[in-house]
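The lines below spell out each chain.
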Number of protein chains: 2
Amino acid sequence: MLTVTSVNVNGLRAAAKKGFVAWLAGTDADVVCLQEVRAEPGQLTAEVRDPEGWHTVHAPAAAKGRAGVSLYSRQAPERTQIGFGGFGVPGAEEFDASGRYVEIDLPGVTVASLYLPSGEVGTERQDEKERFMAAFLPYLQGLKARAAADGREVVVCGDWNIAHQEADLKNWKANQKSSGFLPEERAWLTRVFDEAAYVDVVRQLHPDAAGPYSWWSYRGRAFDNDAGWRIDYQVATPGLAGRAVKAWVERAATHGERWSDHAPVTVVYER
Amino acid sequence: MLTVTSVNVNGLRAAAKKGFVAWLAGTDADVVCLQEVRAEPGQLTAEVRDPEGWHTVHAPAAAKGRAGVSLYSRQAPERTQIGFGGFGVPGAEEFDASGRYVEIDLPGVTVASLYLPSGEVGTERQDEKERFMAAFLPYLQGLKARAAADGREVVVCGDWNIAHQEADLKNWKANQKSSGFLPEERAWLTRVFDEAAYVDVVRQLHPDAAGPYSWWSYRGRAFDNDAGWRIDYQVATPGLAGRAVKAWVERAATHGERWSDHAPVTVVYER
DNA sequence: CTTAGTATG
DNA sequence: CATATTAAG
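What counts and what doesn't
Residues numbered from 1 in each chain as written. Chains lettered and ligands numbered in written order. Predicted model: local features only at pLDDT ≥ 70, side-chain atom pairs only at ≥ 80, totals over all residues. Heavy atoms only, no water. UniProt positions renumbered as here; feature names shortened; annotations may be inferred. Helix = DSSP H or I, 4+ residues; strand = E, 2+ residues; numbered from the N terminus. Rg over C-alpha atoms; globule rule 2.2 N^0.38 Å. Contact = heavy atoms within 4.5 Å. Areas by Shrake-Rupley, 256 points an atom, 1.4 Å probe, with all protein chains shown as cover. Phe/Tyr/Trp six-rings, centres within 6.5 Å; stacked < 30°, edge-to-face > 60°. Buried < 20%, exposed > 50% of the residue type's maximum accessible area, 1.4 Å probe, protein only. Axes fitted to C-alpha atoms, helices over the stretch in contact; angles between N-to-C directions. Parallel < 35°, antiparallel > 145°, perpendicular 65-115°, else oblique. Nonpolar A, V, L, I, M, F, W, Y, C, P; charged D, E, K, R; others polar. Near = heavy atom within 4 Å. Salt bridge = Lys/Arg side-chain N within 4 Å of Asp/Glu carboxyl O. Polar contact = N/O pair within 3.5 Å; in protein donor to acceptor, adjacent residues only side chain to side chain. Expected span 1.5 Å × (residues − 1).

The name given to chain A in an unreviewed UniProt entry is Exodeoxyribonuclease III, and the organism recorded there is Streptomyces rhizosphaericola. Annotation of chain A in UniProt includes, under Sequence similarities (unreviewed entry), the sentence "Belongs to the DNA repair enzymes AP/ExoA family."

Following this line, the structure appears as structure tokens:
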């Protein structure tokens, strides 16, 4: 079994003070993918930066306090890669120091932690999101081809900042012009699943569910009303997706203590 | 009796959440002078902005979140003045919208709340402090003359941001080059007391005490070690100072809850 | 509403 | 070390 968890921690320093450390100590996961770490490694306590029993890779953003992705694995990675430039994809280098992508090879499987830009309609942040999407899809296609040639599977975990279908957010009607549920963003995710032939693992195992949501805004009573969005995914190659036996969102992990506005998304893959 | 209290609240919104409201409800003072309110009236709750039983005057700074002085009085003021420009003192107008001075007339006595700039050696902030001092001494002289002609007494309460003598701060030796205990600042205060002939009321009643200190840095263990400064004063005309019968610093008011880094300085004046 | 940056104290 | 701002989410 390989258990992979992904969670946007919304500031690892704050999350660590509120319950992340206890959550990590209690998880059965073999790999934990973090997004929005929002800290340089040197700003983290040793307990969080390099916890006993884990190998860690931290990919902070050049901009202080922004973005930042990390990967924690029980096994030592065979290879580590920060960013997705250097593979012939135009525009990919722009994001190499943006704290949005880190990838490791474990035996037979490549695991990535992704934090796709969050965007805001009518602003430069939306343009950045679109540039990221334009570069990331060809990267995913190349990654899959290289992995296949190497006999490897791939799973790209993280906060994709796009809800794919109406079932993926509670208030889909009101959000059709909101970044995160724009037609062009949804169409791009469809291309990831259809053209690039990756699989949305949680949806595959829960085809009929509303959600399960993985993010609830801190504004208003979104969490209490379960007015959530499913924007955190495990996007896997079909071979690995076919081995997924269980998937869930740990809404309880953020209940009560609520150490992030996102909840951990976990998938158990059979060997 | 007229009881006057002065306290730098270091952000009235934060102080209100931590114990200021309870403290105000429990005080016997007739007049309360606040400094570093750091909020526009509209940002305060009604309970703090206009508490039952008080008349309030708020003089926020033009710059958001900076400085700001207020006066609370049980009796309605006969006159209110924000800033000290308009009395022929060169340079005084610079500070009219800086949230550093407000004055009211009550029957027979003028009470002011002052927040003198805090300064930092070698920076423009120290220059600003010096410009304020240069303008404020002549204003004090004119105020006294006008009050005398009118048969009024005066007390200027607040955070003067200068410790006068060695007894006024615990670590005076280490702070001889620190803003707040510079020779030129101490000499300026001496001119307030000697040339302008105002009286340092708390020192008059406690001539031999170390302190009583009214401010302890939040850094390190300054409060626990009582490594404080006496920089909050009630500076009164001699007639009023002669009526002062009791003066104390409410160190306990900020102990435990600690709703400010300053403590209230209270004086009881006989009628 | 929350995190984190920065400026001020 | 604490209170504010602002930007981001």
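The discussion continues.
(A) Inspection of the overall build of chain A at higher detail. For chain A, the helix and strand inventory stands at six helices and 14 strands. Computed over its C-alpha atoms, the radius of gyration of chain A comes to 17 Å, within 12% of the 18 Å expected for a compact globule of 271 residues. Principal axes of the C-alpha set define a box for chain A whose edges measure 45 × 40 × 40 Å. A fraction of 71% describes how many contacts in chain A between residues 6 or more apart in sequence connect residues 24 or more apart. Surface accessibility of chain A: about 11,200 Å² in total, with carbon and sulfur atoms responsible for 50%.

(B) Geometry of the packing of aromatic side chains. Under the counting rule described, the total for this entry stands at 40 aromatic pairs over all chains. A ring pair is formed by A:Phe84 and A:Phe136, whose centres lie 5.1 Å apart and whose planes are at 70°; its orientation type is edge-to-face. Remark: A:Phe136 occurs in helix H3 (residues 124–149) and A:Phe84 occurs in the loop between strand S5 (79–82) and strand S6 (101–106); sequence separation between them is 52 residues. Arranged with centres 5.7 Å apart and planes meeting at 80°, the rings of B:Phe84 and B:Tyr101 form a pair that is edge-to-face. Highlighted residues: B:Phe84 in the loop between strand S5 (79–82) and strand S6 (101–106) and B:Tyr101 in strand S6, separated in sequence by 17 residues. The exposure class of B:Phe84 is buried, given its relative accessible area of 0%. Grouped by ring-pair contacts, the aromatic residues A:Phe84, A:Phe87, A:Phe95, A:Tyr101, A:Phe132, A:Phe136, A:Tyr139, A:Trp160, A:Trp188 and A:Tyr233 constitute a single cluster.

(C) Representation of the packing of helix H3 (residues 124–149) of chain B against helix H4 (residues 183–194) of chain B. Residues and elements named next belong to chain B. Close contact between H3 and H4 brings their axes to 11 Å; oriented N to C, the two are set at 10°. The angle between the axes of H3 and H4 places the two elements in the roughly parallel class. Between H3 and H4, the contacting residues are Gln126, Lys129, Glu130, Met133, Ala134, Phe136, Leu137 and Leu140 on the first element and Glu184, Glu185, Trp188, Arg191 and Val192 on the second. Split into classes, the residues belonging to the contact of H3 with H4 amount to seven nonpolar, one polar and five charged.

(D) The protein's contact with DNA strand D, seen in detail. By nearness alone, 19 residues border DNA strand D, and A:Arg125, A:Arg219, B:Lys18, B:Arg38 and B:Tyr218 come closest of all. Protein-adjacent atoms of DNA strand D, using a 4 Å cutoff, are sugar or phosphate at a proportion of 76%. Of all the elements, helix H1 (residues 12–26) of chain B adds the most residues to the surface near DNA strand D, at four residues.

(E) Region of interest: the pattern of salt bridges. One pass over the structure, following the stated rule, counts 32 salt bridges over all chains. Note that B:Lys129 and B:Glu185 form a salt bridge whose closest N and O atoms lie 3.1 Å from each other. Of the two residues, B:Lys129 is situated in helix H3 and B:Glu185 in helix H4; the sequence distance between them amounts to 56 residues. Both residues of the pair, B:Lys129 and B:Glu185, count as buried. Through salt bridges with shared partners, a single network forms among A:Glu78, A:Arg79, A:Glu103, A:Asp105, A:Asp150 and A:Arg152.

(F) Quick peek at unusual backbone geometry. For the bond from A:Gly211 to A:Pro212, the omega torsion is 0°, close enough to zero to count as cis. Mapped onto the secondary structure, A:Pro212 falls in the loop between helix H5 (201–205) and strand S10 (215–216). Positioned with a positive phi, A:Asn10 is a non-glycine residue whose angle comes to about 50°. Positionally, A:Asn10 belongs in the loop between strand S1 (2–8) and helix H1 (12–26). With phi around 55°, B:Arg38 is a residue other than glycine that occupies positive phi space. In this structure B:Arg38 comes out as partly exposed when scored by relative accessible area, which is 32%.

(G) Geometry of the protein's contact with DNA strand C. Taken together, 19 residues are adjacent to DNA strand C, and A:Ala14, A:Lys18, A:Arg38, B:Arg125 and B:Arg219 come closest. Protein-proximal atoms of DNA strand C, defined as those within 4 Å of the protein, fall in sugar or phosphate at a share of 75%. A:Tyr218 is positioned such that a nitrogen or oxygen atom in its backbone is 3.2 Å from a sugar or linking oxygen of DNA strand C. At a separation of 3.5 Å, a sugar or linking oxygen of DNA strand C approaches a polar side-chain atom of B:Ser118. It is H1(A) that contributes the most residues to the surface near DNA strand C, four residues altogether. Of the residues assigned to the surface near DNA strand C, the class counts are four nonpolar, five polar and ten charged.

(H) H3(A), seen in detail. Residues and elements named next belong to chain A. Compared with an ideal rise of 1.5 Å per residue, which puts 26 residues at 38 Å, H3 spans 38 Å between its outermost C-alpha atoms and is within 8% of the ideal. When H3 is considered as a whole, its buried residues turn out to be Gln126, Lys129, Phe132, Met133, Ala135, Phe136, Leu137, Tyr139, Leu140, Leu143, Lys144 and Ala147. Residues of H3 that are buried make contact with S5, S6, strand S7 (109–115), strand S8 (153–159), helix H4 (183–193) and helix H6 (238–241). Of the residues flanking the start of H3, the one acting as N-cap is Thr123, its side-chain oxygen 3.1 Å from the backbone nitrogen of Arg125. Trailing H3 by a residue or two, Gly151 shows a phi angle of about 70°, which is positive.

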